[in-house]
Structure formats: C-alpha cells, structure tokens
Amino acid sequence: MPTKSLNLYLLTATLTVVILKPMSKITSNEVRRIAALAKIAITDKEAEKFTDELASILKYVEQLDSVDTEGLEPTYQVTGLVNVNRKDELQNYGVDQQGLLKNVPQTKDNYIEVPKVL
C-alpha cells in the first residue's frame, strides 16, 4: 500500500479533477468519495486529517485567482528546446550480429531469448 503522503498526493490530484469548485469548502464526505474513486482505504481519522490538509492546499491554490495574467503569453515549456532530430544512419561499431550473439546465454532465430516476464 502506498505511503500516506502518496495517498494525500493521489487525493489532491483526484480532487482537482473531480470536484474542484471555486471558493468551495471541502467536506470529509467529499474526501471519502475522492478516496473511494482513487481506491484508497482511509479511516475516519485520516478523512478528517485529509479534509484539513486539502482545505489548506485549496486555500493556497485559490491565491492564484488573484494574479493578474492579462497580456501574458501562456508558457508551454521553459527549456527553449525544440524537437531535435538526427538522421537515422547505420553506425558500424566493428562487430556484427553473430559476434554479439556469441555473448548471450540463449538465442533463438538470431535474437536474444529471455525468460517470459508475465
């Protein structure tokens, strides 16, 4: 089971998607509903704790409503990087396929054979 901090993160993420209402107060019933949607089992004590914590998070986020963003361009990314592509050219490393396959424990039809995972 995830840690309690991860639970709070999941509750917060679910909260923002499911029931975020402007200037609303979150209730412990809403926290229980969100926990059920996130498939997280919480106790009544945890529900009360998360209610207080989520309320303080929402109060903090609501401060963003007061920020004047008029005339600002949306920020889509901050690195300034653009798509970097290279030509798909064959590189000769001086070893052929058969030479590489000699180093593996098991091969099948010129491929490396590994145990099934699932």
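Since the model is a prediction, treat every value here as computed from it, not as a measurement.

Some words on the confidence of the model for the chain
Model confidence for the chain is summarised by a mean pLDDT of 81, while 80% of its residues fall at 70 or above. Predicted confidence in the chain is weakest over helix α1 (residues 4–18), with a mean pLDDT of 57, and strongest over strand β2 (residues 111–112), with 93.

With respect to the pattern of salt bridges
Under the counting rule described, the total for this entry stands at 2 salt bridges. Between aspartate 44 and arginine 32 there is a salt bridge; the shortest N-O distance is 3.4 Å. Of this pair, aspartate 44 sits in helix α3 (residues 44–62) while arginine 32 is found in helix α2 (residues 28–37), placing the two residues 12 residues apart along the sequence. We classify arginine 32 as partly exposed; its relative accessible area is 28%. Between glutamate 53 and lysine 49 there is a salt bridge, and its shortest N-O distance comes to 4.0 Å.

Here we look at the nonpolar core
One finds Ile26, Val31, Ile34, Phe50, Leu54 and Leu58 forming the largest nonpolar core, which totals 6 residues. Counting residues per element, the ones that place at least two in this core are α2 and α3.

Remarks on a nonpolar patch on the surface
Residues Tyr60, Val61, Leu64 and Val67 make up a contiguous nonpolar surface patch of roughly 430 Å² in combined accessible area. Inspection of the secondary structure puts valine 67 in the loop between α3 and α4 (97–101). Look at valine 67 and you get partly exposed, because its relative accessible area is 47%.

The rules we used
- Residues numbered from 1 in each chain as written.
- Predicted model: local features only at pLDDT ≥ 70, side-chain atom pairs only at ≥ 80, totals over all residues.
- Heavy atoms only, no water.
- pLDDT = per-residue confidence, 0-100.
- Helix = DSSP H or I, 4+ residues; strand = E, 2+ residues; numbered from the N terminus.
- Salt bridge = Lys/Arg side-chain N within 4 Å of Asp/Glu carboxyl O.
- Buried < 20%, exposed > 50% of the residue type's maximum accessible area, 1.4 Å probe, protein only.
- Core = buried A, V, L, I, M, F, W, Y, C linked by side-chain atoms within 4.5 Å.
- Patch = residues over 30% accessible without salt bridge, like charges linked within 9 Å, V, L, I, M, F, W, Y side chains within 5 Å.
- Areas by Shrake-Rupley, 256 points an atom, 1.4 Å probe, with all protein chains shown as cover.

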